[in-house]
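Report on the structure
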Amino acid sequence: MESQKGCYLCGHRRFRVVLDRPAVVPWTSSGDKARGRRRFPCILRQCLDCGHVYQPVSLSLRRELAAIYSSDRAQMSTTMGRGCWGKARSDVFLKDFFRVVNFLRYDSILEIGCGDGYLLRELKKMGGRGLAGLEPSLPSDSCRNGIRLIKGFASEGVRLPRRYEFLFSAYVMEHVENIRGFMRFCLANLKPDGEMYFIVPNALKAMKDGDLSLFTHQHIQYFMPSTVRRLMESYGFEVLSLREIADDVEVLGRWTGRLVGKLPIAGKFGYEARLRKVMKRALRVLRRPPVIVHGISNSLNNLLGWQSGSFDMALVDNDPTKEGKVFFGKTAVPTAKISLAGYRGVLIIPNTYAAAIRHEYEVRSFQGVISDLILEDHEG
Ligand SMILES: [Zn+2]
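Residues numbered from 1 in each chain as written. Predicted model: local features only at pLDDT ≥ 70, side-chain atom pairs only at ≥ 80, totals over all residues. Heavy atoms only, no water.

**Brief notes about the coordination of the zinc ion**
Taken together, C7 (SG), C10 (SG), C47 (SG) and C50 (SG) make up the full set of protein donors to the zinc ion, lying 2.3 Å away. For the zinc ion, the four donor atoms in the first shell make angles of 101 to 118° at the metal, a pattern classed as tetrahedral. Binding-site remark: the zinc ion is held by donors from one chain whose sequence spacing is C-x2-C-x36-C-x2-C. Of this pair, C7 sits in the segment before β1 (15-24) while C50 sits in the loop between β2 (40-47) and β3 (53-54); the two residues are 43 residues apart in sequence, bridging distant segments of the chain. Note on C7: relative accessible area 1%, which makes it buried. Relative accessible area serves as the criterion here: at 5%, C50 is assigned to the buried category. (Donors = N, O, S within 2.8 Å, 3.2 Å for Na, K, Ca; no water. Tetrahedral: all angles 85-135°; square planar, octahedral: opposite > 155°, others 65-115°. Helix = DSSP H or I, 4+ residues; strand = E, 2+ residues; numbered from the N terminus. Buried < 20%, exposed > 50% of the residue type's maximum accessible area, 1.4 Å probe, protein only.)

**Side note on helix α9 (residues 354-363)**
Every buried residue belonging to α9 is among A354, I357 and Y361, and all of these are buried. The buried residues of α9 occupy one face: seen down the axis, they fall within an arc of 70°. Exposed positions of α9 whose direction lies more than 90 degrees from the buried face are A355 and V363. Each element contacted by the buried residues of α9 is listed here: β13 (291-294), β14 (313-316), β17 (345-348) and β18 (369-372). (Arc of directions from axis to C-beta. Contact = heavy atoms within 4.5 Å.)

**Let's talk about the pairing of β18**
Here β17 runs beside β18; their pairing, made up of four bridges, is parallel. Its bridge partner being in β18, I348 is matched across the sheet by D372. (Pairing = 2+ DSSP bridges.)

**What to know about the packing of aromatic side chains**
One pair of aromatic rings is described through two measures. These are the centre distance and the angle between the planes. Per the counting criterion, the structure on display carries 14 aromatic pairs. Here the aromatic rings of F97 and F166 are separated by 6.2 Å at their centres, their planes lie at 50°, and the arrangement is tilted. Taken as a pair, F97 in helix α2 (residues 83-100) and F166 in strand β8 (residues 164-170) lie far apart in primary sequence, 69 residues in all. Judged on exposure class, the residue F97 and its partner F166 are both buried. (Phe/Tyr/Trp six-rings, centres within 6.5 Å; stacked < 30°, edge-to-face > 60°.)

**With respect to the pattern of salt bridges**
Under the definition given, this model contains 19 salt bridges. Between D317 and K322 there is a salt bridge, with its nearest N and O atoms 3.6 Å apart. Each member of the pair D317 and K322 is classed as buried. Among the salt bridges present, the one from E323 reaches K337, with a minimum N-O distance of 2.6 Å. You can see E323 sitting in the loop between β14 and β15 (326-327) and its partner K337 sitting in the loop between β16 (330-331) and β17, a full 14 residues away along the chain. Given a relative accessible area of 35%, E323 falls into the partly exposed group. For K337, a relative accessible area of 60% puts it in the exposed group. Here the salt bridges do not stand alone but share partners, grouping R105, E195 and R254 into one network. (Salt bridge = Lys/Arg side-chain N within 4 Å of Asp/Glu carboxyl O.)

**A word on the domain arrangement of the protein**
According to the domain assignment, the protein consists of domain 1 (83-255) and domain 2 (276-379). Of note, the centres of domain 1 and domain 2, computed from C-alpha atoms alone, are 33 Å apart. Tallying the contact residues gives ten residues for domain 1 and 13 residues for domain 2. Interface of domain 1 and domain 2: buried area, both sides summed, is about 970 Å²; carbon and sulfur atoms make up 59% of it. (Domains from an automatic or database assignment. Buried area = accessible area lost by both parts, 1.4 Å probe.)

This is how it looks when you write it as structure tokens:
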């Protein structure tokens, strides 16, 4: 049964189908042991009024997601600042953030969805003032080294003890089902003329690339530059900067209270057609076993879940938090610990870093086929 009655951004009911794929078990990076059993459909819609792409959430999926978020298997990839990938991710984020945000200008800053406060501690080291974070998974409220951490959700009706000059969030809003309530929270806790920055995955880029990683049950909102602009402007923010960087889209806006009229909706994406090409590419390698599959992620969860049959494969991933865990019935090993002899192919799952991963196998003189899932321009 569906609980969502229309577009999450504008409420409009008419849509076109962007993705409709067989049900899979919702992806988390905790491995098979902690994994739920229930499969949920993989559906994306595009609103025919505002162009927003979203996953319609059923009541049962909402319950499953709540169970995932309240467990220790919440992370899709790696916590910001933790492990080698987590550190790299936060360094990249901060570099982009500092390019558009002069955070030293603000006397009060709130991060929405701050995790354990890693980014706030980095800002503090660099002279940030009046720092606070809001996060539902914190054990309790705390105030340490000048950083206030508040346990809670950014929901409509929530008023914090003070208003902030600057609000920001990194990779949070794509998870939020009630996005309009989230924006109303922001308006209620932002000072007049305050500024807001957020960064989310760029669904437009992923659709153009036929990227298997686009869909994940934990993501409800699939933003792109046009809908990010529309979201900001429909809540009275003047967009100061809007950029597509790597796989993401980031925006900085100042609240002026001036509402901007509708923007034209984005056209058709052709995502399913590109996805079919990408899956064909993957199957060409998987059907010549035994193979090494490099990169354990929601992309692989989708790839294996969206077609039938099982494959003779070894799973390789260099993320130390995955080593030794069992995924899809196989134990994850790092590249350094696998003997390449006897394998007929390597399938590289992530698009980001695909070239670097390919290089690892080339320097070890791997004799089989090395294939990634990046479509050539003429294929798109
Ligand atoms: Zn809409």
